[in-house]
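Reading the structure
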Amino acid sequence: MKRVIAIYPGTFDPPTNGHLDLIQRGAKIFDELVVGILRNSEKSPLFTVDERLEMLRECTSQWKNVRVESFEGLLVDYARLCGAQAVLRGIRAVSDYEYELQMAWMNRKLDASLETVFMMPAEAYSYLSSRLVREIASLGGALVDLIPASVESKLRARLRVVRQDSK
Ligand code: PNS
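Not measured: the values here are computed from a predicted model. (Residues numbered from 1 in each chain as written. Predicted model: local features only at pLDDT ≥ 70, side-chain atom pairs only at ≥ 80, totals over all residues. Heavy atoms only, no water.)

**What to know about the overall build of the protein**
Note the following rule: Every helix listed is a DSSP run of H or I at least four residues long, and every strand listed is a run of E at least two residues long, numbered separately from the N terminus. The quantity called the radius of gyration is restricted to C-alpha atoms. Its globule counterpart is 2.2 Å times the number of residues to the power 0.38. A simple rule labels every residue: compare its accessible area, found with a 1.4 Å probe on the protein chains alone, to the largest value its type can have, and call it buried under 20%, exposed over 50%, or partly exposed in between. Between two residues, a contact is recorded if the distance between any of their heavy atoms is within 4.5 Å. Here the accessible surface of atoms and residues is derived via Shrake-Rupley with a 1.4 Å probe, and residues count as covered only by protein chains that are part of the display. Asp and Glu are treated as the negative residues and Lys and Arg as the positive ones, with His and the ends of the chain left uncounted. By convention, the point assigned to a charge is CZ for Arg, NZ for Lys, CD for Glu and CG for Asp.
Counting its regular elements, the protein contains six helices and five strands. Tracing the protein from N to C terminus, the helices and strands come up as β-α-β-α-β-α-β-α-β-α-α. Whereas a compact globule of 167 residues would reach a radius of gyration of roughly 15 Å, the protein reaches 16 Å, a difference of no more than 12%. Across its three principal directions, the C-alpha atoms of the protein cover 55 × 30 × 30 Å. Burial analysis of the protein (167 residues in total) assigns 44% to the buried set. Put simply, of all contacts in the protein between residues at least 6 apart along the chain, 76% involve residues at least 24 apart. A total of about 9700 Å² of accessible surface is found on the protein, and carbon and sulfur atoms cover 55% of it. Both charge centroids of the protein, one from 23 positive and one from 22 negative side chains, sit 1 Å from each other.

What follows is the structure in structure tokens.
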């Protein structure tokens, strides 16, 4: 029987409830879902890749067909390495669409056998992003229902260190 493996790639700095919502949805329709954290990101992240791996592994341990890894280089190469037939990406609003479509087309150009599947998270997460989470946390705002409690405590601790270092 054919097993369908999908990659859910991203930066996840930090993981949010929107990411987890999408992982849960993906885990329902794919036989295996590999959450791939990009290693060679141009962004300078707040959390190291190993910290993000740990956070995501902790938050996804209840889904037995989900595994969390990191990758570097081209996504299509990593997908081939994993034996994945699909890339899962979330679309929250129309504003995501252009960027996502461009990436999906480019990935198709690089590997025509890899399909991109778009899913939408629950409406409650349609305005949620890691960037906004970092900003709200750094300004002392509440993050209830937006990120897991375990991620929130790590985020607050990291920001305390960043604040201390910048004094
Ligand atoms: O969460 P993000 O930052 O929107 O995720 C972007 C990501 C990791 C999916 C994208 O940058 C990516 O796939 N990078 C790997 C390098 C690559 O394959 N680039 C060409 C993409 S068309």
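Let's pick the thread back up.
**A closer look at the sheet that holds strand 5 (residues 115-119)**
Definition in use: A pair of strands counts as paired when DSSP detects no fewer than two bridges linking them. Each axis is a line fitted through C-alpha atoms, and for a helix only the stretch in contact is used; angles between axes span 0 to 180 degrees, taken between their N-to-C directions.
As summarised here, the arrangement of the five strands in space is 3-2-1-4-5, forming an open sheet in which the pairing is parallel. Bordering the open sheet on either side are strand 3 (66-71) and strand 5, each of which pairs with just one other strand. Taking each pair of neighbouring strands and ignoring which way they run, the sheet shows an average axis angle of 30°. The pairing of strand 1 (residues 5-10) with strand 2 (residues 32-38) spans six bridges and is classified as parallel. In the sheet register, Ile 5 faces strand 2, and the bridge partner there is Glu 32. In the packing of helix 2 (residues 49-60) onto the sheet, the strands contacted are strand 2 and strand 3, and the crossing angle to strand 3 comes to about 170°.

**Examining the packing of helix 2 against helix 6 (residues 149-165)**
When two helices pack together, their arrangement is given by the angle between their axes and by how far apart the axes lie. The test is simple: Oblique is the label for any angle not under 35 degrees, not over 145, and not in the 65 to 115 range, which are roughly parallel, roughly antiparallel and roughly perpendicular in turn. By the convention adopted, Pro, Cys, Tyr, Trp, Phe, Met, Ile, Leu, Val and Ala count as nonpolar, Lys, Arg, Asp and Glu as charged, and the other residues, Gly among them, as polar.
Following both chains from N to C, one finds helix 2 and helix 6 inclined at 160°, their axes separated by 10 Å at the closest point. The angle between the axes of helix 2 and helix 6 places the two elements in the roughly antiparallel class. Within the contact between the two elements, helix 2 uses Glu 51, Glu 54, Met 55, Glu 58 and Cys 59 and helix 6 uses Ser 150, Val 151, Lys 154 and Arg 158. Grouping the constituent residues of the contact of helix 2 with helix 6 by class yields three nonpolar, one polar and five charged.

**Considerations on the nonpolar core**
Put simply, the rule is: Here, nonpolar core means buried Ala, Val, Leu, Ile, Met, Phe, Trp, Tyr and Cys residues that are tied together by side-chain atoms lying within 4.5 Å of each other.
Membership of the largest hydrophobic core comes to 33 residues, with the highest contact counts inside it found for Tyr 8, Ile 23, Leu 33, Val 35, Leu 56 and Leu 155. Where this core is concerned, the elements lending two or more residues are strand 1, helix 1 (17-29), strand 2, helix 2, strand 3, strand 4 (86-90), helix 5 (130-138) and helix 6. Here this core takes five residues from helix 2, the largest share from any one element. Aside from chain neighbours lying at most four places away, what touches Leu 155 is Pro 14, Leu 46, Phe 47, Val 133, Ala 137, Leu 143 and Ile 147. Tyr 78, Ala 79, Cys 82 and Val 87 belong to the second-largest nonpolar core, a separate cluster that totals twelve residues.

**Section: the site of the ligand**
Heads up, the rule is: Note on definitions. A residue lies near a molecule or strand when any single heavy atom of the residue is within 4 Å of it. In the analysis that follows, any N or O atom pair within 3.5 Å is treated as a polar contact, provided that within protein one partner can donate a hydrogen and the other can accept it, and provided that, for residues neighboring in sequence, both atoms belong to side chains.
Every one of the 14 residues lining the ligand counts as a neighbour, but Thr 11, Lys 43, Gly 73, Leu 75 and Arg 89 are closest to it. Arg 89 places a side-chain nitrogen or oxygen 3.0 Å from an oxygen atom of the ligand. Tallying contributions element by element places helix 4 (residues 94-110) first for the shell around the ligand, with four residues. The class makeup of the residues in the shell around the ligand is eight nonpolar, four polar and two charged.

**A short note on helix 5**
To keep things clear, this is the line we draw: What the arc covers is the set of directions going from the helix axis to the C-beta atoms.
Those residues of helix 5 lying buried are Ser 130, Val 133 and Ala 137. Summarising the axial view, the buried residues of helix 5 lie within an arc of 55°, below the 170-degree limit, and thus occupy one face. Turning to helix 5, the residues buried within the fold contact helix 1 and helix 6. A positive backbone phi angle near 80° is found at Gly 140, which sits one or two residues after helix 5.

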